[in-house]
Amino acid sequence: MDQLLSLLNENARFSSKQLAAMLGTTAEEVEKQIASYEKQGIIRGYKVLLDHERLDEETVQAIIEVKVSPKRDLGFEDIARRIMSYSEVDTVYLMSGGYDLLVILECRTFKDIALFVQQRLAALDSVLSTATHFVLVRYKEKGVVLCGEDSDDRRSALL
């Protein structure tokens, strides 16, 4: 990965001027390169990493292992596209190993996740089985430490 992409991956809020100073180039050149990456589809979007524990909203994150029977001539693409079309679904990966797809979703309650798995995911004709895991504590995500000695994290008291 080139230096510009590495810096943006670390902190997408760096200004063009800051990036230019770090890279020894001009802000205009940085903006031109970013626009090129966006046009090529290398940069697909910019997202904020939220610490939901510090918000006054409850959310539950689940990681679901899904075994599927791929459709002839369509492979895993068809079922992956159907799963990722649901608004609750954040991430879908094709995996090697004991299951085929890894699905990550976030809902308001455990019941919402259970209903999603029961009524939507398991009901799909290609789905053979699911195994749902609930995230209890997020210690680090995308390279960012979310809880530790300096936090007022109440989660560790629950474990």
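Structural data are supplied above this passage.
Residues numbered from 1 in each chain as written. Predicted model: local features only at pLDDT ≥ 70, side-chain atom pairs only at ≥ 80, totals over all residues. Heavy atoms only, no water.

Undergrad: Just checking my understanding: could you explain the overall build of the chain for this structure?
TA: Along its length, the chain carries five helices and six strands. Here the chain has a C-alpha radius of gyration of 20 Å; the compact-globule value for 159 residues is 15 Å, and the former is much larger. For the chain, the C-alpha atoms occupy an extent of roughly 55 × 50 × 25 Å along the three principal directions. Burial analysis of the chain (159 residues in total) assigns 30% to the buried set. A sequence separation of at least 24 residues applies to 57% of the contacts in the chain between residues at least 6 apart. (Helix = DSSP H or I, 4+ residues; strand = E, 2+ residues; numbered from the N terminus. Rg over C-alpha atoms; globule rule 2.2 N^0.38 Å. Buried < 20%, exposed > 50% of the residue type's maximum accessible area, 1.4 Å probe, protein only. Contact = heavy atoms within 4.5 Å.)

Undergrad: Would you mind going over the packing of aromatic side chains with me for this structure?
TA: Geometry of an aromatic ring pair is reported as the spacing of the ring centres plus the angle between the planes. Following the criterion strictly, the structure yields two aromatic pairs and no others. Seen in terms of ring centroids, Tyr86 and Phe116 are 5.5 Å apart; in terms of plane orientation they differ by 90°. Their pairing is edge-to-face. Of this pair, Tyr86 sits in the loop between α4 (77-84) and β2 (89-94) while Phe116 is found in helix α5 (residues 110-121), placing the two residues 30 residues apart along the sequence. Of the two residues examined, Tyr86 and Phe116, each falls in the buried class. Relative to Phe134, the ring of Phe110 lies with its centre 4.8 Å away and its plane at 70°, an arrangement referred to as edge-to-face. Here the residue Phe110 occupies a position in helix α5, and Phe134 occupies one in strand β4 (residues 127-134), the gap between them amounting to 24 residues. (Phe/Tyr/Trp six-rings, centres within 6.5 Å; stacked < 30°, edge-to-face > 60°.)

Undergrad: Help me understand unusual backbone geometry in this model?
TA: Trans is the prevailing form of peptide bonds, just as negative phi is the prevailing case for residues other than glycine. Residue Asp73 is not a glycine yet carries a positive backbone phi of 70°. Examined against the element boundaries, Asp73 turns out to sit in the loop between β1 (60-68) and α4. For Lys142, which is not glycine, the phi torsion reads 55° and is therefore positive. Accessibility expressed as a relative area gives 74% for Lys142, which makes it exposed.

Undergrad: Just checking my understanding: could you explain the nonpolar core for this structure?
TA: Side chains of nonpolar character tend, in soluble globular proteins, to be buried together. In this structure, Ile64, Val66 and Ile83 are the most contacted members of the largest nonpolar core, which totals 19 residues. Elements supplying a minimum of two residues to this core: β1, α4, β3 (101-107) and α5. Beyond its immediate sequence surroundings of up to four residues, Val66 is in contact with Tyr99, Asp100, Leu101, Val103, Leu121, Val127, Ser129 and Thr130. Ranked by size, the runner-up nonpolar core spans 11 residues in total, among them Leu19, Ala27, Ile34 and Tyr37. (Core = buried A, V, L, I, M, F, W, Y, C linked by side-chain atoms within 4.5 Å.)

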